[in-house]
Amino acid sequence: MEWNDLTEGAKAVLEQTRNLKNDNIQIVEFEVGFKQEFETESGSVYTVSIQEEDYDSLKQFTKENEYGEKYHMARNKNIVKIILLENGKIPDNLSEFPVFRQYKLDAIAKEEEQVVEGEE
């Protein structure tokens, strides 16, 4: 499966493993059904939407990855974790690795809660 074959939501999730790998983040946790608008520094707005078809696309990509990186993907209800494997296996101390959780609905709720608290 080629990068261009991925859905947009799947690309957004995988970009996190690629961009943040240098910061030792090897775990991306996201929620199927997630949708949020983000604003860039230049002021343009883009939407990240991760739906069932994006999950299916990721599942296929992680099985057939042609880029040399190996992933483990696990799903519990609508919460999915993708772990970037080291030497083909899950690292021993996963708790030592930061987890990227921005693409979860409860992350939106926490963000909005902080905004409300800041306005008081």
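Details of the structure are given in the entry above.
The structure displayed is predicted, hence computed values, not measured ones. (Residues numbered from 1 in each chain as written. Predicted model: local features only at pLDDT ≥ 70, side-chain atom pairs only at ≥ 80, totals over all residues. Heavy atoms only, no water.)

Student: I keep staring at the overall build of the chain and nothing clicks. Help me out?
Tutor: Tallying secondary structure elements over the chain gives three helices and six strands in all. Taken from N to C terminus, the helices and strands of the chain fall in the order α-β-β-β-α-β-β-β-α. Relative to its 120 residues, the chain shows a buried fraction of 39%. For the chain, long-range pairs separated by at least 24 residues make up 59% of all intrachain contacts whose partners lie at least 6 apart in sequence. Summing over all exposed atoms, the chain offers an accessible surface of approximately 7,700 Å²; the carbon and sulfur share of this is 43%. (Helix = DSSP H or I, 4+ residues; strand = E, 2+ residues; numbered from the N terminus. Buried < 20%, exposed > 50% of the residue type's maximum accessible area, 1.4 Å probe, protein only. Contact = heavy atoms within 4.5 Å. Areas by Shrake-Rupley, 256 points an atom, 1.4 Å probe, with all protein chains shown as cover.)

Student: What's the story with the pattern of salt bridges in this structure? I'm lost.
Tutor: Should the charged atoms of two oppositely charged side chains come close, the side chains can pair. In this structure the tally under the stated criterion is five salt bridges. Across the salt bridge formed by Glu29 and Lys104, the nearest N and O atoms sit 2.5 Å from each other. Of the two residues, Glu29 is situated in strand 1 (residues 27–31) and Lys104 in the loop between strand 6 (99–103) and helix 3 (105–119); the sequence distance between them amounts to 75 residues. For the pair Glu29 and Lys104, one class covers both residues: buried. Residues participating in the shared-partner salt-bridge network are Glu29, Lys81, Arg101 and Lys104. (Salt bridge = Lys/Arg side-chain N within 4 Å of Asp/Glu carboxyl O.)

Student: I would appreciate a short explanation of the nonpolar core in the present structure.
Tutor: In globular proteins that are soluble, nonpolar side chains generally tend to be buried together. Core analysis: the largest hydrophobic core is formed by 24 residues, its most contacted members being Val13, Phe30, Leu58 and Tyr103. Elements with a contribution of two residues or more to this core: helix 1 (8–20), strand 1, strand 2 (34–39), strand 3 (45–50), helix 2 (52–64), strand 4 (71–76), strand 5 (79–84) and strand 6. With four residues, helix 1 is the single largest residue contributor to this core. (Core = buried A, V, L, I, M, F, W, Y, C linked by side-chain atoms within 4.5 Å.)

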